[in-house]
Amino acid sequence: MECALRLTTGSFGMSSGALLDSDRISRLPLVLVVDDQPEVCHVLSLLAGEQYQCVEAFSGDAALQVLTDTDVDVIISDLQMPGMNGIEFLRRAQSVRPNAARILISGCSNPDDIVEGINKGHILFFLHKPFDRLAIHAVLQQAAQHSCLLRDRNRLVEE
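This structure is a prediction, so every number in the text was calculated from the model and none was measured. (Residues numbered from 1 in each chain as written. Predicted model: local features only at pLDDT ≥ 70, side-chain atom pairs only at ≥ 80, totals over all residues. Heavy atoms only, no water.)

> Can you help me understand the pattern of salt bridges in this one?
Side-chain pairs of opposite charge can arise where the charged atoms are in close proximity. According to the stated counting rule, one finds 9 salt bridges in the structure shown. For the salt bridge of Lys 129 with Asp 35, the shortest nitrogen-to-oxygen distance reads 3.2 Å. One end of the pair, Lys 129, is in the loop between β7 (125-128) and α5 (133-158); the other, Asp 35, is in the loop between β3 (30-34) and α1 (38-48), with 94 residues separating them in the sequence. Taken individually, Lys 129 and Asp 35 each receive the classification buried, so the pair is uniform in this respect. Asp 78 is the partner of Lys 129 in a salt bridge, and the nearest nitrogen-oxygen pair spans 3.3 Å. (Salt bridge = Lys/Arg side-chain N within 4 Å of Asp/Glu carboxyl O. Helix = DSSP H or I, 4+ residues; strand = E, 2+ residues; numbered from the N terminus. Buried < 20%, exposed > 50% of the residue type's maximum accessible area, 1.4 Å probe, protein only.)

What follows is the structure in structure tokens.
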């Protein structure tokens, strides 16, 4: 039986523990990958490479628990999952971690799903399966920068 959560560092080994905000300055961007198929999560984590630390969750509920406990920079969620679909998960994730950039992935490209993802899930990007390695790298880079800019803006507003 698969575990509901897995944390990987780049394309190597396992590590554990939540990261504090003070660790954010010197650490890799943290990406939450959510898909009910563990092999898809693993492929995305491998494609992210050594530039990102990835946490994998295999359901929307498990991913929401991760977001409650851990401040992530980027969320990648599959559209079609049992229980809570990706759009509902991203809608809820937006209220828990508003600074995290949200990416929706799907094997089907129904325009209505994409529009609903933008409107309800506040997604920054939509990616179509199967994944292109270069597209994943470009989207992750843009998403991590977006998240960083939002955090900097909020910090400056507070000061």
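Next comes the rest of the write-up.
> I tried to follow the packing of helix α3 (residues 86-96) against helix α4 (residues 111-121) on my own but got confused; where do I start?
For any two helices packed against each other, the geometry comes down to the angle between their axes and how far apart the axes lie. At a minimum axis separation of 8 Å, α3 and α4 run at an interaxial angle of 15°. One element, α3, and the other, α4, form an angle in the roughly parallel class. For α3 against α4, the interelement crossing comes out right-handed. Contacts from Ile 87, Leu 90 and Arg 91 of α3 reach α4 at Asp 113, Glu 116, Gly 117, Lys 120 and Gly 121. (Axes fitted to C-alpha atoms, helices over the stretch in contact; angles between N-to-C directions. Parallel < 35°, antiparallel > 145°, perpendicular 65-115°, else oblique. Left-handed = near helix turned anticlockwise from the far one by under 90°. Contact = heavy atoms within 4.5 Å.)

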